[in-house]
Amino acid sequence: MAQHTEIERKYEIDDGAAIVIESIAGPGGPIVADEPRTWRLVADYVDTPALSLAARGITLRRRDGGEDAGWHLRLPAAKDTRREVHEPLGVGVHQVPARLSRLLAAHVRGQELVHVATVETTRTTRRLRDRDGQVVAEIADDVVVGHRLDEDAQRSTSWHEVEIELVNGPPELLDRLDPALRQAGAVRAAASSKLRRVLGDDLAQPPRRAAGRTAGEVLVAYLRRQRDQLLTYDPLVRLADHDDDSVHKMRVAVRRTRSLLRTHARLLDRDRAGALDAELKWLADTLGDVRDLEVLTARFDRRLADRPAGLGADPRWLEQLSAREREARQTLKSALSTPRYFALLTDLDGFVSAPPFTPRARRRARRLSPRLVVKSWRKVLDKYARAERLPEGTERESALHSTRKAAKRARYTAEATTPALGKPAAKLARRAEDLQEALGRYQDAVVAQRQLTEIADRPDPTPGDAFTLGLLLGTERGEAAEALRDLPSARKHAARTAKHLRALKN
């Protein structure tokens, strides 16, 4: 299964117009276009009958023609960026490769995958090369005819578009090409993919949501965004075999959801919210097993990159830590294919589409939400004050970790209410994030010390390993001490919120 990250921009142009770029000034010198090449491409798109994939910006197609014929799964990753996964052509349009089906399991959930559209493209490409001859980007001029297939009839549409895809060039190259395209009459495409253009009105638009007049509306809008984030990163987590930040981002979406279920507990049916929170905790713990090992492995890799010359090969214990990470990742992928996980997703969908609100949720957001923000913020300051009174040791470490978790809850609560409360809530979220990160520096150093001590206590370490562990322990102790010294100023900065709290109450 081949994969790569695709960074591109798509433009629309009038029929009969021509986009000709022979050369431009690049970041490191002139960029010159190759001679054009023309291809005939036919792509059959597959989705559920309800268009579940297209609704989330995912496309699955089987394409004949060109240099990359085969099955293409395109997953949104960031603005102008998608992860693309390739499989060989196979026999027919309805026989989706099993590995691609597994990546889409959370989105499909047992629904049938059917042929929904065919797109025929006459593509003329020109590769752009820098002064060293390296291909930095490719411009594709596409004349397109799309056919929407459904039970009632087939309808067709045609248009002309241009795609610019980075190959080995820097992201700023897209900005350099943009003026030339616009001067030639091109405009940024409204549809993010050819499929969305073909589906048109068949692809249901998200329903217009209330602007957050009530506390319940504010809550469910935030929960919906986190559910969408979770689903966005699900296939990327299944695909990843190393730390690409997908596990972290999926875990954060789960954390945010759990946090809001707790800080807004009085707005929700206790039994329904509690049951959902328990299942989310299971998922968060499974994601956390991978993420914690990712962080430790990356941390020690960075430390060892600065080791003295001649210290020796990578230590065996670090490879063992990496092996634990790979094992945890496989356990996570197995968990994402269980009935328990799919039941959780179904429950989460039901929770955000028909929230189990109490009457309290109908109160106006501008009156109730500030109280929730202030309450969560006061808990942070109270926990921090308690930690400061404790002597140095494990109890204080635990209290500071508890303070960090409270800071996260305060941050997420303020984030959720920002659409209703505006700048005061946004400022509080940033202050809470600053304190959270300062506490996180300390916590990461503490966890690293514990891990290194555990490794050092194993029987018969090699002299080289013992020396390396000693160096790392000293570094982590220094990091923890420095983080502790920085905490009072971070706390003082975070506590300067009185005017923002008053603004929220008004």
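Residues numbered from 1 in each chain as written. Predicted model: local features only at pLDDT ≥ 70, side-chain atom pairs only at ≥ 80, totals over all residues. Heavy atoms only, no water.

1. Comments concerning the overall build of the protein chain
Reasoning step 1: Tallying secondary structure elements over the protein chain gives 15 helices and 11 strands in all.
Reasoning step 2: Along the first, second and third principal axes, the C-alpha set of the protein chain runs to 75 × 70 × 45 Å.
Reasoning step 3: Per-residue burial over the protein chain gives 48% buried out of 506 residues.
Reasoning step 4: Sequence separation of at least 24 residues holds for 74% of the intrachain contacts in the protein chain that already meet a minimum separation of 6.
Reasoning step 5: Accessible area for the protein chain stands at about 24900 Å²; split by element, carbon and sulfur atoms hold 48% of it.
Reasoning step 6: The average position of the 90 basic charges and that of the 75 acidic charges among the side chains of the protein chain differ by 10 Å. (Helix = DSSP H or I, 4+ residues; strand = E, 2+ residues; numbered from the N terminus. Buried < 20%, exposed > 50% of the residue type's maximum accessible area, 1.4 Å probe, protein only. Contact = heavy atoms within 4.5 Å. Areas by Shrake-Rupley, 256 points an atom, 1.4 Å probe, with all protein chains shown as cover. Lys, Arg positive; Asp, Glu negative; His and termini not counted. Charge placed at Lys NZ, Arg CZ, Asp CG, Glu CD.)

2. Considerations on a positive patch on the surface
Reasoning step 1: A grouping of R266, R363, R367, R371, K375, K379, K383, K405 and R409 is seen on the molecular surface, where their side chains present a positively charged patch.
Reasoning step 2: If you list the elements that add at least two residues to the positive patch, you get α11 (365-389) and α12 (394-421).
Reasoning step 3: Element by element, the count of residues in the positive patch is highest for α11, at five residues.
Reasoning step 4: Examined against the element boundaries, R266 turns out to sit in the loop between α7 (246-263) and α8 (270-305). (Patch = residues over 30% accessible without salt bridge, like charges linked within 9 Å, V, L, I, M, F, W, Y side chains within 5 Å. Salt bridge = Lys/Arg side-chain N within 4 Å of Asp/Glu carboxyl O.)

3. Quick notes on the packing of α12 against helix α13 (residues 423-456)
Packed helix pairs are specified by the crossing angle of their axes together with the interaxial distance, meaning the distance between the axes.
Reasoning step 1: For the pair α12 and α13, the least separation of the axes is 8 Å and the interaxial angle reads 155°. Relative to α13, the element α12 lies roughly antiparallel. As for how α12 packs across α13, the hand of that crossing is left-handed.
Reasoning step 2: Considered class by class, the residues forming the contact of α12 with α13 number 14 nonpolar, seven polar and nine charged. (Axes fitted to C-alpha atoms, helices over the stretch in contact; angles between N-to-C directions. Parallel < 35°, antiparallel > 145°, perpendicular 65-115°, else oblique. Left-handed = near helix turned anticlockwise from the far one by under 90°. Nonpolar A, V, L, I, M, F, W, Y, C, P; charged D, E, K, R; others polar.)

4. Description of unusual backbone geometry
Reasoning step 1: Backbone geometry places L51, a non-glycine residue, at a positive phi of 60°.
Reasoning step 2: Residue placement: L51 occurs in the loop between β4 (37-47) and α1 (52-55).
Reasoning step 3: Overall, the relative accessible area of 4% leaves L51 in the buried class.
Reasoning step 4: Phi is positive for R109, which is not a glycine, with a value near 45°.
Reasoning step 5: With respect to the helices and strands, the residue R109 is situated in the loop between α3 (105-108) and β8 (114-129).

5. Examining the packing of aromatic side chains
Reasoning step 1: Counting across every chain of the model gives two aromatic pairs.
Reasoning step 2: Each ring, one from F300 and one from W317, has its centre 5.6 Å from the other, and the planes form 80°; the classification is edge-to-face. You can see F300 sitting in helix α8 and its partner W317 sitting in helix α9 (residues 316-335), a full 17 residues away along the chain. Taken individually, F300 and W317 each receive the classification buried, so the pair is uniform in this respect. (Phe/Tyr/Trp six-rings, centres within 6.5 Å; stacked < 30°, edge-to-face > 60°.)

6. Here we look at the side chain of R148
Reasoning step 1: Residue position: R148 is located in strand β9 (residues 135-149).
Reasoning step 2: A polar side-chain atom of R148 sits 3.2 Å from the main-chain carbonyl oxygen of V116.
Reasoning step 3: In terms of polar contacts, R148 uses its side chain to reach the side chain of D202, at 2.8 Å. (Polar contact = N/O pair within 3.5 Å; in protein donor to acceptor, adjacent residues only side chain to side chain.)

7. Notes on the layout of surface pockets
Reasoning step 1: Of the voids in this model, the largest pocket is the one considered here, and its volume is about 1300 Å³.
Reasoning step 2: Across the lining of the largest pocket, the residue classes break down as seven nonpolar, nine polar and 23 charged. (1 Å grid on protein atoms, 1.4 Å probe; cavity = no way out; pocket = protein on both sides within 12 Å on 5 of 7 lines; lining within 4 Å. Points joined across faces, edges and corners; volume = space filled by probe spheres on them.)

8. Looking at the pairing of β8
Reasoning step 1: With two bridges connecting them, strand β3 (residues 29-33) and β8 associate as antiparallel partners. Each residue of the ladder has a partner; that of A33, found in β8, is L128.
Reasoning step 2: The pairing of β8 with β9 spans 13 bridges and is antiparallel. Considered in β9, the bridge of R129 is made with V135.
Reasoning step 3: The hairpin formed by β8 and β9 contains five residues between the paired strands, and G133 there has a positive phi angle of roughly 85°. (Pairing = 2+ DSSP bridges.)

9. Concerning the pattern of salt bridges
Reasoning step 1: Within this structure, the stated rule accounts for 54 salt bridges.
Reasoning step 2: Linking E8 and R74 is a salt bridge whose minimum nitrogen-to-oxygen distance equals 3.8 Å. Linking E8 in strand β1 (residues 2-13) with R74 in strand β6 (residues 70-78), this pair joins segments that are 66 residues apart in sequence.
Reasoning step 3: Take R74: its relative accessible area is 7%, and that puts it in the buried class.
Reasoning step 4: Its salt-bridge partner being R109, residue D349 comes within 2.8 Å of it at the nearest N-O pair. Taken together, the residues span a long stretch of sequence, with D349 in helix α10 (residues 339-353) and R109 in the loop between α3 and β8 at a distance of 240 residues.
Reasoning step 5: What you see here is one network of salt bridges that share partners, running through K10, R123, D142, E161, E163 and K194.

10. Looking at the environment of H4
Reasoning step 1: With respect to the helices and strands, the residue H4 is situated in strand β1.
Reasoning step 2: Sequence-wise, H4 and E84 are 80 residues apart; in three dimensions their C-alpha atoms are separated by 5.4 Å.
Reasoning step 3: Those residues in contact with H4 that lie beyond four places of it in its chain are R82, R83, E84, H86 and E165.

11. So, α9
Reasoning step 1: The first and last C-alpha atoms of α9 sit 29 Å apart over 20 residues, in line with the 28 Å expected at 1.5 Å per residue.
Reasoning step 2: Those residues of α9 that sit buried are W317, L318, L321, S322, E325, A328, R329, L332 and A335. All buried residues of α9 lie within an arc of 150° about the axis, which places them on one face of the element. Relative to its buried face, α9 has exposed residues pointing more than 90 degrees away, namely R316 and E327.
Reasoning step 3: Elements in contact with the buried residues of α9: α6 (215-239), α7, α8, α10, α13 and α14 (463-495). (Expected span 1.5 Å × (residues − 1). Arc of directions from axis to C-beta.)

12. Some thoughts on the packing of α8 against α10
Reasoning step 1: Between α8 and α10, whose axes approach to 10 Å, the crossing angle comes to 140°. The orientation of α8 with respect to α10, classified from their angle, is oblique. For α8 against α10, the interelement crossing comes out left-handed. Together, R272, A273, L276, E279, L280, W282 and L283 of α8 and R340, Y341, L344, D347, L348, G350 and F351 of α10 make up the contact between the two elements.
Reasoning step 2: Looking at the contact of α8 with α10 residue by residue, the classes come out as nine nonpolar, one polar and four charged.

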